[in-house]
Amino acid sequence: MLNQQVPLDLMFQALADPSRRIMVERLSRGPASVSELAKPLAMSLPAVVQHLQVLEASGLIRSEKIGRVRTCHIEWAALQTAEEWMLERRKTWEHRLDRLGDFLADQEKG
């Protein structure tokens, strides 16, 4: 579990920024060039590249350069890791709330 913490920390830190979430959302529909990712954002191209570097370092995306065009792709396995972590937390809390519900129901009876 501890070994997973570092990648998860990097993923959640990367997703904490609204601009990076916009980029991930766009990439969830398919690969895109850096220019395409920059279009809806009110920032310079170098700033977009810095955000993409954070996403790539977190493992959420990968990029490849063909000729003069850098294309980014989403890394579904990384998103699945984050999803699994959240699902485990959800299961834990659902179990706790079920137990609380049972306890309260017993209190009403007694």
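Structure's up top.
These figures come from a predicted structure and were not determined experimentally.

Cut-off values and rules
- Residues numbered from 1 in each chain as written.
- Predicted model: local features only at pLDDT ≥ 70, side-chain atom pairs only at ≥ 80, totals over all residues.
- Heavy atoms only, no water.
- Salt bridge = Lys/Arg side-chain N within 4 Å of Asp/Glu carboxyl O.
- Helix = DSSP H or I, 4+ residues; strand = E, 2+ residues; numbered from the N terminus.
- Buried < 20%, exposed > 50% of the residue type's maximum accessible area, 1.4 Å probe, protein only.
- Pairing = 2+ DSSP bridges.
- Contact = heavy atoms within 4.5 Å.
- Axes fitted to C-alpha atoms, helices over the stretch in contact; angles between N-to-C directions.
- Arc of directions from axis to C-beta.
- Polar contact = N/O pair within 3.5 Å; in protein donor to acceptor, adjacent residues only side chain to side chain.
- Patch = residues over 30% accessible without salt bridge, like charges linked within 9 Å, V, L, I, M, F, W, Y side chains within 5 Å.
- Areas by Shrake-Rupley, 256 points an atom, 1.4 Å probe, with all protein chains shown as cover.

## As for the pattern of salt bridges
Thought 1: The tally for this structure, following the rule as stated, stands at four salt bridges.
Thought 2: Glu 75 serves as the salt-bridge partner of Arg 62, at 2.9 Å between the closest nitrogen and oxygen. Taken as a pair, Arg 62 in strand S2 (residues 61-66) and Glu 75 in the loop between strand S3 (69-74) and helix H5 (76-109) lie far apart in primary sequence, 13 residues in all.
Thought 3: The exposure class assigned to Arg 62 is partly exposed, which follows from its relative accessible area of 38%.
Thought 4: You can call Glu 75 partly exposed: its relative accessible area is 23%.
Thought 5: Among the salt bridges present, the one from Glu 88 reaches Lys 91, with a minimum N-O distance of 3.6 Å.

## Focus: the sheet that holds S2
Backbone hydrogen bonds are what pair the strands of a sheet, in a parallel or an antiparallel way.
Thought 1: Taken in spatial order, the three strands make up an open sheet running S1-S3-S2, and their pairing is antiparallel. Each having just a single partner strand, strand S1 (32-33) and S2 make up the two edges of the open sheet.
Thought 2: Where S2 meets S3, six bridges bridge the pair, whose relative direction is antiparallel. When the bridges of S3 are listed, Arg 62 appears paired with His 73.
Thought 3: Against the sheet, helix H4 (residues 45-58) contacts S2 and S3, and its axis sits at roughly 120 degrees relative to S2.

## Quick notes on helix H2 (residues 18-27)
Thought 1: The set of residues buried in H2 consists of Ser 19, Arg 20, Met 23, Val 24 and Leu 27. Buried residues in H2, looked at end-on, bunch into an arc of 140 degrees, giving them a common side.
Thought 2: The backbone nitrogen of Ser 19 has a side-chain oxygen 2.9 Å away, supplied by the residue at the start of H2, namely Asp 17.

## Things to note about a nonpolar patch on the surface
Thought 1: On the surface, a nonpolar cluster with roughly 540 Å² of combined accessible area is contributed by Trp 93, Leu 97, Leu 100, Phe 103 and Leu 104.
Thought 2: Counting through the fold element by element, Leu 104 comes out in helix H5.
Thought 3: A relative accessible area of 44% means that Leu 104 is categorised as partly exposed.

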